[in-house]
Amino acid sequence: MGYTIGVSSGMWSIAKSQPNQSEQYLTWLRKVFWGAQRGVNFTQFDLETITEFDEPYIKESIQKIKQLGLRFGIHSETAATGAHTMILESALGDEYSRSHERFIAHLKGAGRVGSEYVLTHASEAMPLRLIGTQALQSTKIVDIWGRDIRDFLEDFPEILEWATDQEFIQGIAFGPYNLYDEQFYFDSLVRDFRKTSGGKDPSEEDKGRLKIQAKEEFKNARRQNIRDSSKRPSLSYGTERLAYALTAKRMEMNNDPLWNALVGKGKKFDEKMYLGWKWVPAVTAKYIWGHFHPLKKMRGKFSKNVPKFDDPKPILEEHDLVWLFEPEMGKPGWEKYMRLVSIPHIYQMVKAIGHTHVKVAIDFEH
């Protein structure tokens, strides 16, 4: 089996400033046929917007393309040309659901026009290391299946208990409780004691009891700060960090194959690892994995509020369509920080997704 040589069609949004060249990018027929003018019969159709799937007379255009013996694949919408639409690695609630809808729209559109594949960048979101100071984000965060993080913690209470005792987790959570300490609750309890005892100070025995109570109230407040972080609709810097950290611990404790492959079997997620950032690709890959394996409610396993997202796998199979992941383009200032850009990491993600219609593409320019 030899190679298929093809060309990339290019985009009108890029070529519009070049005289006498922009017209070739208008309509499917012109974009795909442009490749034939370059001596090949395979063109990668660079999709500028999913509305191109609804182009007038598109059925007639596709029939003509097939009659000419031309073949094509599709490059999805991309941030490189201004359309940042499929942030499958996002842990923000609204972005997660919107990105999944756009993902399914790409699949159905590509299947409808008879494309051989859809190629997309594995990750285009702002690096996790940078969002803490550069990105205001919604506090509504979700797990890898798009569930509110409270439901995730209800199903995995061991993660909540772990997080409650971690200072660095409290530091990246948002809400009023991380401003308090045990002394705050102890002083409050002493004031309440004086009110109910006619102004008397607590005895040493009472103080011992109040200290134990203050410690428990402090821990409960920290627990509530983590559990209800997504309940308070507001904006904060880098809120995805909390969702990613909780997911990382779950992956470590669950002996997740992606954790073992990208981070290392037996590697513990703690503050030192968190600040090292080398764990981020594993969690990024897991969020993307979640879009390929929508959660199904199973009795006794998951609590409630299982979101309904279309499963992409049957669509891929129905149209014999291949979904390809490639590394994104490196952006100035993002080098070494991108969430998922290493080919071996992308390969491990595709291996974990585990479907013959999901593969890896290598873009040497990227």
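Look up a bit, the structure's there.
As the structure is a prediction and not an experimental result, all values here were calculated from the model.

Trainee: Provide a residue-level description of the overall build of the protein chain, including the pertinent values.
Mentor: The helix and strand tally for the protein chain stands at 16 helices and 8 strands. Across its three principal directions, the C-alpha atoms of the protein chain cover 95 × 45 × 35 Å. The buried share of the protein chain, taken over its 366 residues, is 51%. Put simply, 75% of the contacts in the protein chain that link residues at least 6 apart link residues at least 24 apart. For the protein chain, the exposed surface amounts to about 18700 Å²; the carbon and sulfur share of it is 52%. Seen as two clouds, the 51 positive and the 49 negative side-chain charges of the protein chain have centres 2 Å apart.

Trainee: Outline the environment of Ala221, supporting the account with residue identities and numerical values.
Mentor: Looking at where Ala221 falls in the secondary structure, it is placed in helix 10 (residues 204-227). Ala221 gets classed as buried once you look at its relative accessible area, which sits at 5%. Linking Ala221 and Lys267, residues 46 residues apart in sequence, is a C-alpha distance of 29 Å.

Trainee: Outline the environment of Leu92, listing residues and values.
Mentor: Positionally, Leu92 belongs in the loop between strand 3 (71-75) and helix 4 (93-113). Look at Leu92 and you get buried, because its relative accessible area is 12%. Separated by 46 residues in the primary sequence, Leu92 and Ser138 place their C-alpha atoms 6.8 Å from one another.

Trainee: How would you summarise a nonpolar patch on the surface if you had to cite specific residues and measurements?
Mentor: Judged by side-chain polarity, Leu136, Leu235 and Tyr237 come together as a nonpolar surface patch covering roughly 350 Å² of accessible area. You can see Tyr237 is positioned in strand 6 (residues 235-237).

Trainee: Requested: an account of helix 9 (residues 182-196), with residues and values cited.
Mentor: Helix length check: helix 9, at 15 residues, gives a terminal C-alpha distance of 21 Å against a target of 21 Å (1.5 Å per residue), a fit within 8%. Where helix 9 is buried, its residues contact helix 10. Remark: Gly198 follows helix 9 within two positions and exhibits a positive phi of approximately 70 degrees.

Cut-offs and rules
- Residues numbered from 1 in each chain as written.
- Predicted model: local features only at pLDDT ≥ 70, side-chain atom pairs only at ≥ 80, totals over all residues.
- Heavy atoms only, no water.
- Helix = DSSP H or I, 4+ residues; strand = E, 2+ residues; numbered from the N terminus.
- Buried < 20%, exposed > 50% of the residue type's maximum accessible area, 1.4 Å probe, protein only.
- Contact = heavy atoms within 4.5 Å.
- Areas by Shrake-Rupley, 256 points an atom, 1.4 Å probe, with all protein chains shown as cover.
- Lys, Arg positive; Asp, Glu negative; His and termini not counted.
- Charge placed at Lys NZ, Arg CZ, Asp CG, Glu CD.
- Patch = residues over 30% accessible without salt bridge, like charges linked within 9 Å, V, L, I, M, F, W, Y side chains within 5 Å.
- Salt bridge = Lys/Arg side-chain N within 4 Å of Asp/Glu carboxyl O.
- Expected span 1.5 Å × (residues − 1).

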